[in-house]
Amino acid sequence: MTRQALEKYQVLVYLAAIAMGLALSTALPGRVGVLEALLWPLLGALLYVTFTQVALTQLHGAWCDTRFMAAAVVGNFLLLPLVAWGLASLFAAEPAVRLGVLLVLLVPCTDWFITFSHLGGGRAQYAIAFSPISLLLQLMLLPFYLWLFLDQNLLVAVVQRELLMAFAGLILLPLLLAFLTQKWARRRRSRARHMERLAWLPVPLLALVVLSIAATQFGVVTGSLPVLGGLLLAFTGFLIAAALLARLLARVFELPTAQGRVLAFSLGTRNSFVVLPLALSLPASYELAVVAIVFQSLVELIGMAIFLWWVPQRLFPATSWTGRSIP
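All values derive from a computational prediction rather than experimental measurement.

Bringing helix α14 (residues 272–280) into the picture now. Within α14, 8 of the 9 residues are buried, leaving the element largely enclosed by the surrounding structure. By the burial criterion, the buried members of α14 are Ser272, Phe273, Val274, Val275, Leu276, Pro277, Leu278 and Ala279.

Another point: a nonpolar patch on the surface. Taken together, the side chains of Tyr9, Leu12, Leu15, Ile302 and Ile306 make up a nonpolar region of the molecular surface, amounting to roughly 490 Å² of accessible area. Of all the elements in the fold, those that place two or more residues in the nonpolar patch are α2 (10–27) and α15 (287–315). Here Leu15 shows up in helix α2. Of the residues examined, Leu15 reaches a relative accessible area of 37% and is grouped as partly exposed.

Moving on, we get to empty space enclosed by the protein. If you walk through the whole model with that rule in mind, you get 1 cavity of 30 Å³ or more. There is about 40 Å³ of room inside the largest cavity. Around the largest cavity, the lining residues are Leu105, Phe235, Phe238, Leu239, Gly268, Arg270, Gln296, Val299 and Glu300. Looking at the lining of the largest cavity, the elements with two or more residues in it are α12 (225–252) and α15. Class assignment of the residues belonging to the lining of the largest cavity gives a composition of 5 nonpolar, 2 polar and 2 charged.

What describes two packed helices is the angle between their axes and the distance between those same axes. At their nearest, the axes of helix α4 (residues 66–91) and helix α7 (residues 124–149) sit 10 Å apart, and the two run at 30° to each other. When the axis of α4 is compared with that of α7, the two are roughly parallel. Both α4 and α7 take part in a crossing whose hand is right-handed. Counted together, Phe68, Met69, Ala72, Val73, Asn76, Phe77, Leu78, Pro81 and Trp85 of α4 and Tyr126, Ala129, Phe130, Ser134, Leu137, Gln138, Leu141, Tyr145 and Phe149 of α7 form the full contact between these two elements. For the contact of α4 with α7, the per-class residue count stands at 15 nonpolar, 3 polar and no charged.

Positionally, Leu103 belongs in helix α5 (residues 95–105). Between the alpha carbons of Leu103 and Pro143 there is a distance of 9.9 Å; along the sequence they are 40 residues apart. The residues touching Leu103, leaving out its near neighbours within four places in the chain, are Leu142, Leu146, Val275 and Ile293.

For Glu254, which is not glycine, the phi torsion reads 55° and is therefore positive. Along the chain, the position of Glu254 falls in the loop between α12 and α13 (257–268). Its relative accessible area of 44% is what places Glu254 among the partly exposed residues.

So, on to the side chain of Ser134. Within the element layout of this structure, Ser134 appears in helix α7. Beyond its immediate chain neighbours, meaning those up to four positions away, Ser134 contacts Phe77, Pro108, Cys109 and Thr110.

Viewed as axis vectors pointing N to C, α4 and α13 meet at an angle of 25°, and their least axial separation amounts to 10 Å. When the axes of α4 and α13 are compared, the pair comes out roughly parallel. When you trace α4 past α13, the crossing you get is right-handed. Contacts from Phe68, Ala71, Ala72, Gly75, Asn76 and Leu80 in α4 reach Gln259, Val262, Leu263, Ser266 and Leu267 in α13. Split into classes, the residues belonging to the contact of α4 with α13 amount to 7 nonpolar, 4 polar and no charged.

One finds Val101, Leu231, Leu263 and Phe273 to be the most contacted residues of the largest nonpolar core, which totals 104 residues. The biggest single contributor to this core is α15, with 14 residues. Once residues lying within four places of it in the same chain are set aside, the contact partners of Leu263 are Phe68, Ala71, Ala72, Ala246, Leu249, Ala250 and Leu255. Within the second largest apolar cluster, 7 residues are counted, among which are Phe51, Leu175, Ala178 and Val274.

So, on to the confidence of the model for the chain. Atomic detail in the predicted coordinates should be set aside for any region of low pLDDT. Chain-level pLDDT for the chain is 83 on average; 88% of the residues reach the 70-or-more range. Model confidence for the chain, summarised as mean pLDDT per element, is weakest for helix α8 (residues 152–158) at 57 and strongest for α4 at 96.

Parameters and conventions
- Residues numbered from 1 in each chain as written.
- Predicted model: local features only at pLDDT ≥ 70, side-chain atom pairs only at ≥ 80, totals over all residues.
- Heavy atoms only, no water.
- Buried < 20%, exposed > 50% of the residue type's maximum accessible area, 1.4 Å probe, protein only.
- Helix = DSSP H or I, 4+ residues; strand = E, 2+ residues; numbered from the N terminus.
- Patch = residues over 30% accessible without salt bridge, like charges linked within 9 Å, V, L, I, M, F, W, Y side chains within 5 Å.
- Areas by Shrake-Rupley, 256 points an atom, 1.4 Å probe, with all protein chains shown as cover.
- Salt bridge = Lys/Arg side-chain N within 4 Å of Asp/Glu carboxyl O.
- 1 Å grid on protein atoms, 1.4 Å probe; cavity = no way out; pocket = protein on both sides within 12 Å on 5 of 7 lines; lining within 4 Å.
- Points joined across faces, edges and corners; volume = space filled by probe spheres on them.
- Nonpolar A, V, L, I, M, F, W, Y, C, P; charged D, E, K, R; others polar.
- Axes fitted to C-alpha atoms, helices over the stretch in contact; angles between N-to-C directions.
- Parallel < 35°, antiparallel > 145°, perpendicular 65-115°, else oblique.
- Left-handed = near helix turned anticlockwise from the far one by under 90°.
- Contact = heavy atoms within 4.5 Å.
- Core = buried A, V, L, I, M, F, W, Y, C linked by side-chain atoms within 4.5 Å.
- pLDDT = per-residue confidence, 0-100.

Below is the structure:
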């Protein structure tokens, strides 16, 4: 087993983890409390190893290609928030569901979209370069988006003390530790092997997180069947809109085929496991926000499996695309 093989078949790993979690929840409903206790440490570890794979110490490299960066920023932080607001308004009538939909659709993915970009025929270096910029922008803009799209009463619940503690402990702390780890690894060439070992961990850790969520949140999801139809329409519509926007932006910014493919995966994937801790910190009355985020991650997994075929074969085929070339 190589790391490349593990990443190639990661979707199957996650689907197997989901199935195992559902089986555990059904067969041993009284025993999944242990997994619930492990969920937050697993999320923290996952985010830490994910952030170590992003070039946090080389942020200036993200601006090497201004056309691609501009297209990714416009798509992720100007156009897609409007799409997310429209879909939430159409398919999420309950405030808690609307909050979950907005939380998950407003934040672009900063981790596994890199792998999907590579497997889908894109140039992964552009995905890696955009990740730290995307992370910083979403951390700054998410509060503004929530203020803009939600009413004041809902905002009071969002910014409570528990939510801020989860944000600091499960996002800022892993980010700081990852930055320090990268600085430590750069001081000696021999330490690079430790970073290579960390690169093996995102897939198995994410599989454990998915298993834990499926096992512990299955009851919440099954108890919320009436809202799943609307959520399915919203999240499927988002994937289609993201793909079409990627095609349009690639034309407008004259991006080459490989960059267009990266843009499609960037717009189509969301940071569901980054915002999940925020939703888990909300009061019990907002448990449907967790349902929306968990369900989005399941829809996205299936969607990315389709994207891996659709993006290089139909959306950005090598033979017919007429974007600019890269030296």
